[in-house]
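So the chains spell out like this:
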Amino acid sequence: MDLQELPKRLFTLGEEPEPVKSILYHTDDTKLFTAIRGTLHPDEYQELRDSKLGVFLKFKELNFAWASRLVHFMLCFKLDIKKKYELWCLVGPQPARFSMIEFEHLIGLNCDYVENLKNPRCEVTEETIVFWQLLGVGIDAGPTTEQIIAACKRFSEWSRDDRMRLGYLAIFTGFIEGRKFSTITQASLVRLVMDLEEFENYPWGRVAFKVLMDSLWNKDLTKSYTIDRFVQVIQVWVYYALPEFGAEYGHPVQNKPSPPLLAYNGGKGCSFLKMPSEDSYVEWESSLTMEYWEVVGATLGSNQKSVVLYAKNVEGYVKEETTVKEERPRKKARKETTVKVEESPREAEETPREAGEALVGWSTQEVFENGMKQIANAMRDGFGMILREIKHVADRVEVVAERVDALEQLAKSNKGTASNEASHTPSGTP
């Protein structure tokens, strides 16, 4: 019995590229949100916090601990699929999906479909021109993060609505756009802020998801790289997709706040990875349930090395060392087994933030690899047994089918013989 061909891994198992540096990103800018907090009156900040986009301010207040290595290796476990707006990562007995469905569930923002999502029609009025002048921005451009911070120093005579507009624009540039601090934003989108209610109810969840996936598409994971937009949601998704892992290393927030984006404080300093059980995984809607993936990936790595494999038997796991030819020299082993986690100071505003300067997520690369190999080899052992059972059953079904066909042919033959004998039986003597 032939099994359906499954998408390949992006990288061959055990040859996932090590991170060159921490993932660079531009969201969660402390300087920007400190300026906004000082600009808005307490009641205005609370109103902004309670709005539909206030989830980003609440997330900022968590002081979420960014785990760059966790996100990097999860991206390395991707399956090579052609859908730009879906991410499938194979860790454990089945792949976990990150799509707009999961994003909407995690972040709780409006993800409804609208035409011209990234280029809505918005009339430029006299009020728009005046507000753009307050921002110090040309009417044909959207404000940069730097310009919003500068505008926060000139707010003393602004109206309440203008201050609220500034707060909404800070959320837009700081989390939804999340690009380099001097990058101008799209004017057609930010002009929506002139109608505060319309701006709040716009499907920003759909915008945030699509621009994030655009940034992730075809990212070269073998080099130092930057992910624009709200990349922290990927880390929260890992905790949600692997609940037992998230409960132990994601530092869950008490009382399970809603939406799930606010349910974790992030994780640092995890020293090892336990073998997760099948109950550890969330079974996403429309998940693949195939039993086997090839070890070889679509991207062939060249950093083969000596690995430790674990074969499962009746009594548990037996350690078995296998030596694989090295094609290039390995890096020197780290002298320390523990790493002190410190927050790196922000450099020049043009320099992307490296929030995970120290090793986070796991104390060493080797420990993480061994944990993943344990999972992978246990999966292969179990799936191999399942395939053998499937083949055995298929062979038996074929044998039974052949016997049924033979019996049917025999029955037809006997029926035909009996019919012929009845037609040739001589009649009685008169």
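Our subject in this report is the structure included herewith.

Reading guide: rules and limits
Residues numbered from 1 in each chain as written. Predicted model: local features only at pLDDT ≥ 70, side-chain atom pairs only at ≥ 80, totals over all residues. Heavy atoms only, no water. Helix = DSSP H or I, 4+ residues; strand = E, 2+ residues; numbered from the N terminus. Buried < 20%, exposed > 50% of the residue type's maximum accessible area, 1.4 Å probe, protein only. Contact = heavy atoms within 4.5 Å. Areas by Shrake-Rupley, 256 points an atom, 1.4 Å probe, with all protein chains shown as cover. Axes fitted to C-alpha atoms, helices over the stretch in contact; angles between N-to-C directions. Parallel < 35°, antiparallel > 145°, perpendicular 65-115°, else oblique. Nonpolar A, V, L, I, M, F, W, Y, C, P; charged D, E, K, R; others polar. Phe/Tyr/Trp six-rings, centres within 6.5 Å; stacked < 30°, edge-to-face > 60°. Lys NZ or Arg CZ within 6 Å of the ring centre and 35° of its normal. Core = buried A, V, L, I, M, F, W, Y, C linked by side-chain atoms within 4.5 Å. Disulfide = S-S within 2.5 Å. Salt bridge = Lys/Arg side-chain N within 4 Å of Asp/Glu carboxyl O. Expected span 1.5 Å × (residues − 1). Pairing = 2+ DSSP bridges. Polar contact = N/O pair within 3.5 Å; in protein donor to acceptor, adjacent residues only side chain to side chain. Arc of directions from axis to C-beta.

Some points on the overall build of the chain
Along the backbone of the chain there are 14 helices and six strands. Counting every position in the chain, which comprises 430 residues, the buried fraction comes to 46%. Taking all contacts inside the chain whose residues are at least 6 apart in sequence as the whole, residues at least 24 apart take part in 76%. Carbon and sulfur atoms form 51% of the exposed surface of the chain, whose accessible area is close to 23,200 Å².

Things to note about the packing of helix H4 (residues 68-76) against helix H12 (residues 232-241)
In the contact formed by H4 and H12, the axes pass within 9 Å of each other and the chain directions differ by 75°. In terms of orientation, H4 lies roughly perpendicular with respect to H12. Side by side, H4 and H12 meet where Leu70, Val71 and Met74 of the first sit next to Ile234, Gln235, Trp237, Val238 and Tyr239 of the second. Tallied by class, residues from the contact of H4 with H12 come to seven nonpolar, one polar and no charged.

A short note on the packing of aromatic side chains
If you walk through the whole model with that rule in mind, you get 22 aromatic pairs. Look at Phe175 and Phe230: their rings are 5.5 Å apart centre to centre, the planes differ by 85°, and that puts the pair in the edge-to-face class. Separated by 55 residues along the polypeptide, Phe175 in helix H8 (residues 160-177) and Phe230 in the loop between helix H11 (204-216) and H12 bring together distant segments of the chain. Each member of the pair, Phe175 as well as Phe230, is classed as buried. Geometrically, the ring pair formed by Phe245 and Tyr249 is tilted, given 5.1 Å between the ring centres and 55° between the ring planes. Taken together, the positions of Phe245 and Tyr249, both in helix H13 (residues 243-249) and four residues apart, correspond to about one turn of that helix. Feature note: the residues Phe33, Phe56, Phe59, Phe64, Phe175 and Phe230 constitute an aromatic cluster, connected by ring pairs. Positioned above the aromatic ring of Tyr45, the side-chain terminus of Arg37 is 4.0 Å from the ring centre. It is Arg165 that lies over the ring of Phe131; its NZ or CZ is 5.8 Å from the centre.

Some words on the nonpolar core
Counting residues in each nonpolar core, the largest one holds 91 residues, and the members touching the most others are Phe56, Phe98, Trp204, Ile234 and Trp237. Ranked by the residues each element gives to this core, the list is headed by H8, at nine residues.

A look at the state of the cysteines
In this structure the tally under the stated criterion is zero disulfides. Its sulfur unpaired, Cys89 is 9.4 Å from the next cysteine sulfur, which belongs to Cys76. The exposure class of Cys89 is buried, given its relative accessible area of 1%.

Here we look at the pattern of salt bridges
If you walk through the whole model with that rule in mind, you get 14 salt bridges. A salt bridge links Glu44 to Arg160; the shortest N-O distance between them is 4.0 Å. Note that Glu44 is positioned in helix H2 (residues 42-50) and Arg160 in helix H8, a separation of 116 residues in sequence. The exposure class of Glu44 is buried, given its relative accessible area of 2%. Using a relative accessible area of 34% as the deciding quantity, one classes Arg160 as partly exposed. As a salt-bridge pair, Lys223 and Asp220 come within 3.9 Å of each other at their nearest N and O atoms. Sharing partners across several salt bridges, the network here consists of Glu44, Glu47, Arg160 and Arg163.

Brief notes about H8
A rise of 1.5 Å per residue sets the reference length of H8, with its 18 residues, at 26 Å; its end C-alpha atoms lie 24 Å apart and thus fit the reference within 8%. Here H8 lies mainly inside the structure; 16 of its 18 residues are buried. Downstream of H8 by one or two residues, Gly178 has phi in the positive range, about 55°.

Comments concerning the environment of Phe155
Within the fold, Phe155 resides in the loop between helix H7 (145-151) and H8. For the pair formed by Phe155 and Leu40, sequence separation is 115 residues and the distance between their alpha carbons is 9.0 Å. Those residues in contact with Phe155, other than ones at most four positions away along the chain, are Gly38, Thr39 and Arg163.

A word on the pairing of strand S2 (residues 87-90)
Where burial is concerned, the two faces of S2 agree: the one with Leu87 and Cys89 and the one with Trp88 and Leu90 are both buried. Here four bridges tie S2 to strand S3 (residues 95-98), and the two strands are oriented antiparallel to one another. Its bridge partner lying in S3, Leu87 is registered against Phe98.

Comments concerning the side chain of Thr173
Inspection of the secondary structure puts Thr173 in helix H8. Judged by relative accessible area, Thr173 falls into the buried class, the value being 3%. A polar contact of 3.4 Å, which involves the side chain of Thr173, links it to the backbone oxygen of Ala170. If sequence neighbours within four positions are ignored, Thr173 has contacts with Leu32, Pro143, Thr145, Ile148, Gly178, Arg179 and Thr185.

Thoughts on helix H1 (residues 30-39)
Helical periodicity: at 3.6 residues per turn, an α-helix aligns residues three or four positions apart in one direction. For H1, the set of buried residues is Leu32, Phe33, Ala35, Ile36 and Thr39. Looking down the long axis of H1, one finds its buried residues gathered within 155° of arc, a one-sided arrangement. Across H1 from its buried face, at more than 90 degrees, point the exposed residues Thr34 and Gly38. If you follow the buried residues of H1, they end up packed against helix H3 (55-61), H7 and H8.

Re unusual backbone geometry
Geometrically, the link from Ser258 to Pro259 is a cis peptide bond, its omega value of 0° lying close to zero. Among the secondary structure elements, Pro259 is positioned in the loop between H13 and strand S4 (297-299). The phi dihedral of Asn255 is positive, around 70°, even though this residue is not glycine. Following the sequence through the fold, Asn255 ends up in the loop between H13 and S4.

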